[in-house]
Structure formats: structure tokens, C-alpha cells
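Listed here are the chains, written in short residue letters.
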Amino acid sequence: MDYAKLALYVARAIALLTAIPFHEAAHAWASDKLGDPTAKMYGRMSLNPVRHFDLLGALCMILVGFGWAKPVPVAARNNFRHPRRDMALSAAAGPLANVLLAVICLIFYKLVWYLVIPLYYGEFVWLFILNVLSSMISVNITLAVFNLLPVPPLDGSRIFNVLLPERIYFGIMRYERVILFCLFAVLWLGVLDGPLNVMYNWLLQGLDMLTGFIDWIFT
């Protein structure tokens, strides 16, 4: 049995139950703090994965490593004091939540590596846990990077488009569904593999430096 591959699928299943709900709940929390309680009223400020479940997005998460949930409802024009700015801040909360989870997983990975593996070297359980933690780090970074792409309906489009004139912004959002299908076609063809890998490596290196105090303590 390929335990590394099994660990990857276990990690992706765990990510489905943790990373995506945390991502969506962060959107709902940020929206509520910015004045829009819509997502909170619909029960989306929750870590219960059932409240965010989307079947196709869940299958993609497990099989290919990135996915999505049901969109968090937002009444930006009615409730946000500064609709475009606050929409961008709410959108940024999701990827930041994934980065936070990646940091937590990386800390646990390093602690297991330094404190447990020397005592139980070769033990299947601990090696499996390391594989799961490693995969969780990868999945959360991938989700953060993917969602930061400045393409509708991803979070990055809400962040980037705050810089655009309002007429152009709403013109782009009219074609959100068409752009999404084009995005999947581009991903399928591997056109974005290079830029995504660069962003992934930059973020991973940054998080490794951020948790470098653990390496310093134990080496």
C-alpha cells in the first residue's frame, strides 16, 4: 500500500472538514464585523462542514487538492459602509484563515519531527501523522494561493478589483460564471501551473521562516 498517497487523501478529507469550513466561517465573521450579518443569520459563521457543503467542490478537494463550498451570502450594498473596500476585506479573511491553519500544521509537524521521531523512528503511526500534517500544510497553502487568484468568483478578484473603476468592476462581475469555466479550462491545461507553484513556494518559505524559532530551539 502506498501510505504516502493514503495520507494525502486522508489529509484532503480532513481539509474538507477543517480548511474549507474555516475559510468560509472567516468570510462570515469578517462580514459580520464589517456590518453585514447576512452570513451569520444563514448559519455560515460555523465550523460545521455541513453548513458549507458543496458536493462537486468537496469531490474536487479530495481528488485534486482544491475545491470550494457554497458561496457565503453577502448584502454588501445594503450593509457595508464602504461596499467595495469591505467586500475586499471580507474576501481576504478566507485565504488568511487557510494560512493560519497552515502555520498551525507546520508547528505541529516540526514538533513531531524534533520530539517524537527520534524516539519512535520508523514507527508507522508517527510517520503517517507526519505525512498527514505535511499534506495538510500543502492543501491549506494551495487553497490560499488558489483563492488569491484575481479571477471571479475567487477571493482574489474581490481584493484586486477594489483598485478598478466601479464601472469596470461590475462589468467584469456580470461574466463571473463564464470566467469561472474559462479558469477551470486553463487549470486543466496546466497554463497556471508555473505561477501557482511560484506563489506556493514563496508562501511555504515564508511560513518556514515564521516558524523557524522551533528549528532554532531544537538544533
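Described in the following lines is the structure provided in the data block.

## Points about the environment of Pro95
Next up, step 1: Take Pro95: it is sitting in helix α5 (residues 83-116).
Next up, step 2: For the pair Pro95 and Ala28, spaced 67 residues apart in sequence, the C-alpha separation works out to 13 Å.
Next up, step 3: For Pro95, the residues in contact, after removing those within four places along its chain, are His23, His27, Ala144, Asn147, Leu148 and Asp155.

## Structural notes on helix α10 (residues 193-210)
Next up, step 1: Across its 18 residues, α10 extends 25 Å between first and last C-alpha, which sits within 8% of the 26 Å expected from 1.5 Å per residue.
Next up, step 2: Along α10, the residues classified as buried are Leu196, Tyr200 and Leu207. Buried residues of α10, seen end-on, are gathered within an arc of 35° and therefore sit on one face of the element. Exposed and oriented more than 90 degrees from the buried face of α10 are Trp202 and Met209.

## As for the pattern of salt bridges
Next up, step 1: The tally for this structure, following the rule as stated, stands at 3 salt bridges.
Next up, step 2: Between Asp208 and Lys110 there is a salt bridge whose closest N-O contact spans 2.7 Å. Note that Asp208 is positioned in helix α10 and Lys110 in helix α5, a separation of 98 residues in sequence.
Next up, step 3: What makes Asp208 partly exposed here is its relative accessible area of 37%.
Next up, step 4: Three or more residues joined by partner-sharing salt bridges are found here, namely Lys110, Asp208 and Asp215.

## Focus on the packing of helix α6 (residues 124-147) against α10
Next up, step 1: Contact geometry of α6 with α10 gives a least axis separation of 10 Å together with a crossing angle of 120°. Taken together, the axes of α6 and α10 are oblique relative to one another. Remark: the crossing between α6 and α10 carries right-handed chirality. On α10, the residues touching Ile137, Ser138, Ile141, Thr142, Ala144 and Val145 of α6 are Leu196, Met199, Tyr200, Leu203, Leu204 and Leu207.

## Some points on the packing of α5 against α6
Next up, step 1: Viewed as axis vectors pointing N to C, α5 and α6 meet at an angle of 160°, and their least axial separation amounts to 8 Å. Taken together, the axes of α5 and α6 are roughly antiparallel relative to one another. Judged by the sense of rotation from one axis to the other, the crossing of α5 with α6 is left-handed. Residue-level inspection shows Pro95, Asn98, Val99, Leu101, Ala102, Cys105, Leu106, Phe108, Tyr109, Val112, Trp113 and Val116 of α5 in contact with α6, the latter providing Trp126, Leu130, Leu133, Ser134, Met136, Ile137, Asn140, Ile141, Leu143, Ala144 and Asn147.
Next up, step 2: Its residues assigned to classes, the contact of α5 with α6 comprises 19 nonpolar, 4 polar and no charged.

## Examining a nonpolar patch on the surface
Next up, step 1: On the surface, a cluster of nonpolar side chains totalling about 580 Å² of accessible area is made up of Leu115, Phe213, Trp216, Ile217 and Phe218.
Next up, step 2: By residue number, the principal contributor to the nonpolar patch is helix α11 (residues 212-218), which donates 4 residues.
Next up, step 3: Assignment of secondary structure puts Trp216 in helix α11.

Rules used throughout
Residues numbered from 1 in each chain as written. Predicted model: local features only at pLDDT ≥ 70, side-chain atom pairs only at ≥ 80, totals over all residues. Heavy atoms only, no water. Helix = DSSP H or I, 4+ residues; strand = E, 2+ residues; numbered from the N terminus. Contact = heavy atoms within 4.5 Å. Expected span 1.5 Å × (residues − 1). Buried < 20%, exposed > 50% of the residue type's maximum accessible area, 1.4 Å probe, protein only. Arc of directions from axis to C-beta. Salt bridge = Lys/Arg side-chain N within 4 Å of Asp/Glu carboxyl O. Axes fitted to C-alpha atoms, helices over the stretch in contact; angles between N-to-C directions. Parallel < 35°, antiparallel > 145°, perpendicular 65-115°, else oblique. Left-handed = near helix turned anticlockwise from the far one by under 90°. Nonpolar A, V, L, I, M, F, W, Y, C, P; charged D, E, K, R; others polar. Patch = residues over 30% accessible without salt bridge, like charges linked within 9 Å, V, L, I, M, F, W, Y side chains within 5 Å. Areas by Shrake-Rupley, 256 points an atom, 1.4 Å probe, with all protein chains shown as cover.

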